[in-house]
Amino acid sequence: MTDFLIELYPWTKTLHVISVIAWMAGLFYLPRLFVYHTEEVEKGSKTDLMFQTMERRLLRAIMNPAMTATWVFGLCLVFTPGIVDWSSFWPWSKAAAVLAMTWFHHWLGYRRKDFMRGQNTRTGRQYRVMNELPTVLMVVVVVSVIVRPFW
Ligand code: HEM
């Protein structure tokens, strides 16, 4: 099995990075939809239903499969011999940031349901602030895995 993973390494990493790009696109876009949904849309209107459809499709058709694929190929890389040295710093800083990103993904899922039930209580400003989180986490992840700071 491990020989198989070693042979597949370039492809596993390729599919990992492709899935990451799709996931990140959704993590940046969905909170932005929530900003306009909160600030510009009347509850129960035709536009409200349109935003609900856009948010549901983005989460279910793009973000959920992309997050799953990012984890599956990421864990394949973790189990590829010689790739991750857990005595280094970078796997831990990356793991912490990736777990925070996964929490944020689920937080967005709950907020989507708030809009669906007409029960959103957060302001456009709160969603704008939360929209900065995936950017900060992406910087931590990419610096961790490419620069590998400290030791
Ligand atoms: C979801 C769980 C994740 C796991 C388990 C994981 C694990 C890994 C591992 C083990 C590698 C291989 C490092 C190497 O080849 O030396 C890797 C590569 C990479 N990961 Fe992840 N990763 C995850 C999520 C992410 C996320 C969310 C991002 C970006 C925001 C990301 C960006 C990258 C990049 C850019 C590379 C290629 C680095 C290079 O070519 O040196 N990963 N990942």
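Structural data are supplied above this passage.
For clarity, every value in this text was computed on a predicted model and none was experimentally measured. (Residues numbered from 1 in each chain as written. Predicted model: local features only at pLDDT ≥ 70, side-chain atom pairs only at ≥ 80, totals over all residues. Heavy atoms only, no water.)

S.K.: Could you clarify how one ought to interpret the overall build of the chain in this entry?
M.R.: Across its full length, the chain holds five helices and zero strands. The helix and strand sequence of the chain, counted from the amino end, reads α-α-α-α-α. Seen through its principal axes, the chain has C-alpha atoms that stretch 55 × 30 × 15 Å. Across the chain, contacts joining residues at least 24 apart in sequence account for 80% of those joining residues at least 6 apart. Summing over all exposed atoms, the chain offers an accessible surface of approximately 9,100 Å²; the carbon and sulfur share of this is 68%. Of the side-chain charges in the chain, 16 are positive and 10 negative, and the distance between the mean point of each set is 5 Å. (Helix = DSSP H or I, 4+ residues; strand = E, 2+ residues; numbered from the N terminus. Contact = heavy atoms within 4.5 Å. Areas by Shrake-Rupley, 256 points an atom, 1.4 Å probe, with all protein chains shown as cover. Lys, Arg positive; Asp, Glu negative; His and termini not counted. Charge placed at Lys NZ, Arg CZ, Asp CG, Glu CD.)

S.K.: How do you make sense of the coordination of the iron atom of the ligand when you look at a structure like this?
M.R.: Think of it this way: four donors in a tetrahedron around the metal ideally sit 109.5 degrees apart, and six in an octahedron ideally sit 90 or 180 degrees apart. Protein ligation of the iron atom of the ligand involves His 16 (NE2) and Lys 94 (NZ), the donor distances falling in the range 1.8 to 2.1 Å. One can describe the site at the iron atom of the ligand as octahedral: its six donor atoms subtend angles covering 82 to 177° at the metal. With His 16 in helix α1 (residues 2-40) and Lys 94 in helix α3 (residues 90-116), this pair connects stretches of sequence that are 78 residues apart. Note on accessibility: His 16 and Lys 94 belong to one class, buried. (Donors = N, O, S within 2.8 Å, 3.2 Å for Na, K, Ca; no water. Tetrahedral: all angles 85-135°; square planar, octahedral: opposite > 155°, others 65-115°. Buried < 20%, exposed > 50% of the residue type's maximum accessible area, 1.4 Å probe, protein only.)

S.K.: Can you walk me through the site of the ligand in this structure?
M.R.: As a structural note, the neighbourhood of the ligand is formed by 20 residues, with Tyr 9, Lys 13, His 16, Lys 94 and Arg 148 the closest of them. Residue Tyr 9 places a side-chain N or O atom 2.4 Å away from an oxygen atom belonging to the ligand. Taking Arg 148, its side chain carries an N or O atom lying 2.8 Å from an oxygen atom of the ligand. When residues of the shell around the ligand are traced back to their parent elements, those giving at least two are α1, α2 (46-78), α3 and α5 (133-147). (Near = heavy atom within 4 Å. Polar contact = N/O pair within 3.5 Å; in protein donor to acceptor, adjacent residues only side chain to side chain.)

S.K.: Sorry, what's going on with the nonpolar core here?
M.R.: In this structure, Leu 27, Leu 30, Met 63, Met 101 and Leu 108 are the most contacted members of the largest nonpolar core, which totals 24 residues. Of all the secondary structure elements, the ones that give two or more residues to this core are α1, α2, α3 and α5. (Core = buried A, V, L, I, M, F, W, Y, C linked by side-chain atoms within 4.5 Å.)

S.K.: Could you clarify how one ought to interpret the packing of aromatic side chains in this entry?
M.R.: Aromatic ring pairs are reported here in terms of the distance separating the ring centres and the angle at which the planes meet. Applying the stated rule across the entire model yields seven aromatic pairs. Judged by centre distance (5.0 Å) and plane angle (25°), the rings of Phe 34 and Phe 115 are stacked. Residue Phe 34 is located in helix α1, and its partner Phe 115 is located in helix α3; the two are separated by 81 residues in the primary sequence. The pair Phe 34 / Phe 115 is uniform in exposure class, with both members buried. (Phe/Tyr/Trp six-rings, centres within 6.5 Å; stacked < 30°, edge-to-face > 60°.)

S.K.: Would you take a moment to explain the packing of α1 against α2 for this structure?
M.R.: Relative orientation and spacing of two packed helices are given, respectively, by the angle between their axes and the distance between those axes. For the pair α1 and α2, the least separation of the axes is 7 Å and the interaxial angle reads 155°. With respect to their mutual orientation, α1 and α2 come out roughly antiparallel. Considering the relative orientation of α1 and α2, their crossing is left-handed. Of the residues assigned to the contact of α1 with α2, the class counts are 24 nonpolar, eight polar and three charged. (Axes fitted to C-alpha atoms, helices over the stretch in contact; angles between N-to-C directions. Parallel < 35°, antiparallel > 145°, perpendicular 65-115°, else oblique. Left-handed = near helix turned anticlockwise from the far one by under 90°. Nonpolar A, V, L, I, M, F, W, Y, C, P; charged D, E, K, R; others polar.)

S.K.: Before we go on, may I ask you to explain unusual backbone geometry in this structure?
M.R.: Leaving glycine out, the prevailing phi sign among residues is negative, and the prevailing peptide bond configuration is trans. Positive phi outside glycine occurs at Arg 148, with the angle close to 55°. Checked against the element boundaries, Arg 148 lands in the segment after α5.

S.K.: Looking at this model, I keep getting lost on the environment of Val 143. Mind explaining?
M.R.: Residue placement: Val 143 occurs in helix α5. Among the residues examined, Val 143 registers a relative accessible area of 35% and is labelled partly exposed. With 71 residues separating them along the chain, Val 143 and Val 72 place their C-alpha atoms 21 Å apart. Ignoring any residue separated from it by four or fewer positions in sequence, one finds Val 143 in contact with Arg 148 and Pro 149.

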